[in-house]
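What follows is each chain in one-letter form.
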Amino acid sequence: CFTGDLTVEVNDQNDFRIAPNPAFNQTNIVDNIAQRNSKAEFVISDLTGSEIVYRAVDAYNDAETFDVSLWQQGVYFCSLFIDRQFIKSEKFVVMK
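Keep in mind that what you see is a predicted model, and the values were worked out from it rather than measured.

Caption draft 1: Highlighting the pairing of strand β5 (residues 63-67). By the alternation rule, side chains of β5 split into Glu64 and Phe66, which are all buried, and Ala63, Thr65 and Asp67, of which none is buried. Pairing analysis gives five bridges linking strand β2 (residues 26-32) to β5, with the strands arranged antiparallel. Each residue of the ladder has a partner; that of isoleucine 29, found in β5, is glutamate 64.

Structure, rendered in structure tokens:
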């Protein structure tokens, strides 16, 4: 289980990183949304494509924390949409 400090840098615009990966109790998504006045959102889905979580990106925060402690162990995908256009998807794993 990860208990230390976590420093993740995202240098590219409209990009994000997921850490820790694999995740045990929680995971953080650190983003670099170029235009904070845009409507940005994260959608997390499982391997079947079922949406697990939808979250609008906080314009004043460059990181989102997700509690995954009650999720099933497995592979998930986090997708970033800006103004309803798909930008990127990244895979992460939840472990028990």
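Caption draft 2: Broad picture of the side chain of serine 79. Following the sequence through the fold, serine 79 ends up in strand β6 (residues 74-82). Within the local environment of serine 79, its side chain forms a polar contact with the side chain of serine 89, the two groups lying 3.2 Å apart. Excluding residues that lie within four positions of it along the chain, serine 79 makes contacts with Glu41, Phe42, Val43, Phe86, Lys88 and Ser89.

Caption draft 3: The sheet that holds β6, seen in detail. Taken in spatial order, the four strands line up as β4-β3-β6-β7 in an open sheet, and their pairing is antiparallel. Here the strands that pair on one side only, and so sit at the sheet edges, are β4 (51-56) and β7 (85-94). Within this sheet the neighbouring strands show an average axis-to-axis angle of 20 degrees, counted without direction. With nine bridges connecting them, β6 and β7 associate as antiparallel partners. Pairing of leucine 80 across the sheet is with lysine 88, part of β7.

Caption draft 4: Local environment of the nonpolar core. Grouped together as the largest cluster of nonpolar side chains are 19 residues, with contacts concentrated most on Ile29, Ile44, Trp71, Cys78 and Phe92. For this core, the secondary structure elements donating two or more residues are β1 (15-19), β3 (40-46), β6 and β7. Sort the elements by how many residues they give to this core and β6 lands first, with four residues. Discounting residues that sit within four places of it in the chain, tryptophan 71 has contacts with Ile44, Ile52, Val53, Tyr76, Phe92, Val94 and Lys96.

Caption draft 5: The arrangement of the packing of aromatic side chains in detail. Under the criterion given, the structure shown has five aromatic pairs. Aromatic side chains tryptophan 71 and phenylalanine 92 sit 6.4 Å apart centroid to centroid with 45 degrees between the ring planes, which places their arrangement in the tilted category. Taken together, the positions of tryptophan 71 in the loop between β5 and β6 and phenylalanine 92 in strand β7 put the pair 21 residues apart, joining distant regions of the chain. Here tryptophan 71 and phenylalanine 92 have matching classes, each one buried. Through a chain of ring-to-ring contacts, the aromatic side chains of Trp71, Tyr76 and Phe92 assemble into a single cluster. Taking NZ or CZ as reference, arginine 55 lies 4.0 Å from the ring centre of phenylalanine 66, over its face. A cation sits over an aromatic face here: lysine 88 above phenylalanine 16, 5.0 Å from the ring centre.

Rules behind the numbers
- Residues numbered from 1 in each chain as written.
- Predicted model: local features only at pLDDT ≥ 70, side-chain atom pairs only at ≥ 80, totals over all residues.
- Heavy atoms only, no water.
- Buried < 20%, exposed > 50% of the residue type's maximum accessible area, 1.4 Å probe, protein only.
- Helix = DSSP H or I, 4+ residues; strand = E, 2+ residues; numbered from the N terminus.
- Pairing = 2+ DSSP bridges.
- Polar contact = N/O pair within 3.5 Å; in protein donor to acceptor, adjacent residues only side chain to side chain.
- Contact = heavy atoms within 4.5 Å.
- Axes fitted to C-alpha atoms, helices over the stretch in contact; angles between N-to-C directions.
- Core = buried A, V, L, I, M, F, W, Y, C linked by side-chain atoms within 4.5 Å.
- Phe/Tyr/Trp six-rings, centres within 6.5 Å; stacked < 30°, edge-to-face > 60°.
- Lys NZ or Arg CZ within 6 Å of the ring centre and 35° of its normal.

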